[in-house]
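Working through the structure, step by step
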Amino acid sequence: MAGSKINRKGMLPAATLIEVVIAMVIIVVIFGMAMMIFANISGQALSAKKIRAAATLQGILVNIEQSQKLPEAPFNQDGIRIVPEIKPVDNEPDLSELHLTAFDENQQEITNVQEIMINRHEP
(Lines give C-alpha, C1' and ligand atoms only; values in the text may rest on other atoms or scores of the structure.)
Protein backbone atom coordinates (compact mmCIF):
# COMPACT_ATOMS: atom_id res chain seq x y z
CA MET A 1 0.00 0.00 0.00
CA ALA A 2 1.99 2.89 -1.27
CA GLY A 3 1.13 6.31 0.13
CA SER A 4 -1.08 5.22 3.03
CA LYS A 5 0.06 4.85 6.62
CA ILE A 6 -1.04 1.91 8.65
CA ASN A 7 -0.83 2.19 12.42
CA ARG A 8 0.27 -0.60 14.78
CA LYS A 9 -3.21 -2.09 15.03
CA GLY A 10 -3.44 -2.54 11.25
CA MET A 11 -6.00 0.25 10.77
CA LEU A 12 -5.86 3.28 8.53
CA PRO A 13 -5.97 6.64 10.35
CA ALA A 14 -9.27 8.50 9.81
CA ALA A 15 -10.93 11.72 10.90
CA THR A 16 -12.98 11.66 14.05
CA LEU A 17 -16.63 12.66 14.06
CA ILE A 18 -15.79 15.95 15.78
CA GLU A 19 -13.27 16.85 13.07
CA VAL A 20 -15.86 16.16 10.35
CA VAL A 21 -18.50 18.29 12.13
CA ILE A 22 -16.04 21.18 12.56
CA ALA A 23 -15.10 20.99 8.86
CA MET A 24 -18.80 21.04 7.90
CA VAL A 25 -19.46 24.07 10.13
CA ILE A 26 -16.57 25.94 8.51
CA ILE A 27 -17.91 25.11 5.03
CA VAL A 28 -21.44 26.25 5.96
CA VAL A 29 -20.13 29.54 7.41
CA ILE A 30 -18.07 30.26 4.27
CA PHE A 31 -21.03 29.36 2.04
CA GLY A 32 -23.31 31.66 4.06
CA MET A 33 -20.87 34.55 3.74
CA ALA A 34 -20.64 33.97 -0.02
CA MET A 35 -24.45 34.02 -0.32
CA MET A 36 -24.66 37.32 1.59
CA ILE A 37 -22.05 38.88 -0.70
CA PHE A 38 -23.92 37.61 -3.78
CA ALA A 39 -27.26 38.99 -2.50
CA ASN A 40 -25.65 42.36 -1.78
CA ILE A 41 -24.17 42.60 -5.28
CA SER A 42 -27.48 41.55 -6.86
CA GLY A 43 -29.31 44.20 -4.84
CA GLN A 44 -26.87 46.90 -5.97
CA ALA A 45 -27.39 45.92 -9.61
CA LEU A 46 -31.16 46.17 -9.16
CA SER A 47 -30.81 49.58 -7.51
CA ALA A 48 -28.73 50.86 -10.41
CA LYS A 49 -31.33 49.56 -12.87
CA LYS A 50 -34.13 51.29 -10.92
CA ILE A 51 -32.23 54.59 -10.84
CA ARG A 52 -31.53 54.42 -14.58
CA ALA A 53 -35.18 53.57 -15.36
CA ALA A 54 -36.48 56.39 -13.12
CA ALA A 55 -34.17 58.88 -14.87
CA THR A 56 -35.36 57.63 -18.26
CA LEU A 57 -39.01 58.02 -17.24
CA GLN A 58 -38.40 61.55 -15.94
CA GLY A 59 -36.75 62.46 -19.25
CA ILE A 60 -39.73 61.07 -21.15
CA LEU A 61 -42.09 63.13 -18.97
CA VAL A 62 -40.12 66.29 -19.77
CA ASN A 63 -40.28 65.51 -23.51
CA ILE A 64 -44.03 64.87 -23.31
CA GLU A 65 -44.61 68.16 -21.47
CA GLN A 66 -42.62 70.06 -24.10
CA SER A 67 -44.22 68.40 -27.13
CA GLN A 68 -47.73 68.07 -25.62
CA LYS A 69 -48.07 64.69 -27.39
CA LEU A 70 -49.16 61.85 -25.14
CA PRO A 71 -47.82 58.42 -26.10
CA GLU A 72 -50.51 55.87 -26.85
CA ALA A 73 -48.59 52.64 -27.45
CA PRO A 74 -45.78 50.90 -25.57
CA PHE A 75 -42.27 51.72 -26.79
CA ASN A 76 -38.63 50.91 -26.02
CA GLN A 77 -36.06 53.45 -24.89
CA ASP A 78 -32.53 52.81 -23.56
CA GLY A 79 -33.19 49.07 -23.38
CA ILE A 80 -36.28 49.57 -21.21
CA ARG A 81 -39.85 48.86 -22.31
CA ILE A 82 -42.13 51.79 -21.42
CA VAL A 83 -45.88 51.19 -21.17
CA PRO A 84 -47.98 54.37 -21.04
CA GLU A 85 -51.49 54.48 -19.61
CA ILE A 86 -53.65 57.59 -19.97
CA LYS A 87 -56.77 58.08 -17.85
CA PRO A 88 -59.08 61.08 -17.65
CA VAL A 89 -59.19 62.82 -14.28
CA ASP A 90 -62.62 62.62 -12.63
CA ASN A 91 -64.75 65.77 -13.10
CA GLU A 92 -61.89 67.56 -14.90
CA PRO A 93 -62.20 67.28 -18.71
CA ASP A 94 -59.05 69.36 -19.28
CA LEU A 95 -56.80 67.03 -17.24
CA SER A 96 -55.40 63.57 -17.92
CA GLU A 97 -53.42 61.27 -15.66
CA LEU A 98 -50.36 59.84 -17.40
CA HIS A 99 -48.94 56.70 -15.84
CA LEU A 100 -45.61 55.37 -17.26
CA THR A 101 -44.34 51.94 -16.23
CA ALA A 102 -40.84 50.66 -17.02
CA PHE A 103 -40.18 46.95 -17.58
CA ASP A 104 -36.86 45.14 -17.97
CA GLU A 105 -35.98 42.53 -20.60
CA ASN A 106 -37.70 39.83 -18.47
CA GLN A 107 -40.94 41.85 -18.42
CA GLN A 108 -40.59 42.52 -14.69
CA GLU A 109 -41.68 45.96 -13.51
CA ILE A 110 -38.74 48.14 -12.53
CA THR A 111 -40.42 51.42 -11.60
CA ASN A 112 -43.27 53.73 -12.55
CA VAL A 113 -44.21 57.41 -12.49
CA GLN A 114 -47.50 59.30 -12.59
CA GLU A 115 -48.20 62.84 -13.67
CA ILE A 116 -51.28 64.97 -14.22
CA MET A 117 -51.16 66.59 -17.67
CA ILE A 118 -53.22 69.48 -19.06
CA ASN A 119 -55.07 68.55 -22.25
CA ARG A 120 -54.19 71.05 -24.94
CA HIS A 121 -57.00 71.49 -27.46
CA GLU A 122 -55.93 72.45 -30.95
CA PRO A 123 -57.89 75.46 -32.34
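These figures come from a predicted structure and were not determined experimentally.

Description of the sheet that holds strand S2 (residues 80-89)
The sheet built from four strands is open, its strands ordered S1-S2-S3-S4 with antiparallel pairing. Of all the strands in the sheet, the pair left with one neighbour each is strand S1 (75-77) and strand S4 (109-118). Strand-to-strand twist of the sheet, defined as the mean angle between neighbouring strand axes without regard to direction, takes the value 30 degrees. Strand direction decides the pairing type here: strand S3 (residues 92-103) and S4, joined by nine bridges, are antiparallel. Counted as the bridge partner of Ala 102 is Thr 111 from S4.

Considerations on the nonpolar core
With 13 residues, the main nonpolar core has Leu 57, Ile 60, Ile 82, Leu 98, Leu 100 and Ala 102 as its most contacted residues. Going through the elements one at a time, helix H1 (17-67), S2, S3 and S4 are the ones with two or more residues in this core. A per-element tally of this core places H1 first, with five residues. Contact partners of Leu 57, with chain neighbours within four places excluded, come to Ile 82, Leu 100, Ala 102, Thr 111, Asn 112 and Val 113.

Thoughts on the environment of Thr 56
Looking at the secondary structure, you find Thr 56 in helix H1. Residue Thr 56 is classed as buried on the basis of its relative accessible area of 9%. Along the backbone, Thr 56 and Ile 80 are 24 residues apart, and their C-alpha atoms lie at a distance of 8.6 Å. Excluding anything up to four places from it in sequence, Thr 56 contacts Gln 77, Asp 78 and Ile 80. At 2.9 Å, the side chain of Thr 56 and the backbone oxygen of Arg 52 are in polar contact.

Basis of the calculations
- Residues numbered from 1 in each chain as written.
- Predicted model: local features only at pLDDT ≥ 70, side-chain atom pairs only at ≥ 80, totals over all residues.
- Heavy atoms only, no water.
- Pairing = 2+ DSSP bridges.
- Helix = DSSP H or I, 4+ residues; strand = E, 2+ residues; numbered from the N terminus.
- Axes fitted to C-alpha atoms, helices over the stretch in contact; angles between N-to-C directions.
- Core = buried A, V, L, I, M, F, W, Y, C linked by side-chain atoms within 4.5 Å.
- Buried < 20%, exposed > 50% of the residue type's maximum accessible area, 1.4 Å probe, protein only.
- Contact = heavy atoms within 4.5 Å.
- Polar contact = N/O pair within 3.5 Å; in protein donor to acceptor, adjacent residues only side chain to side chain.

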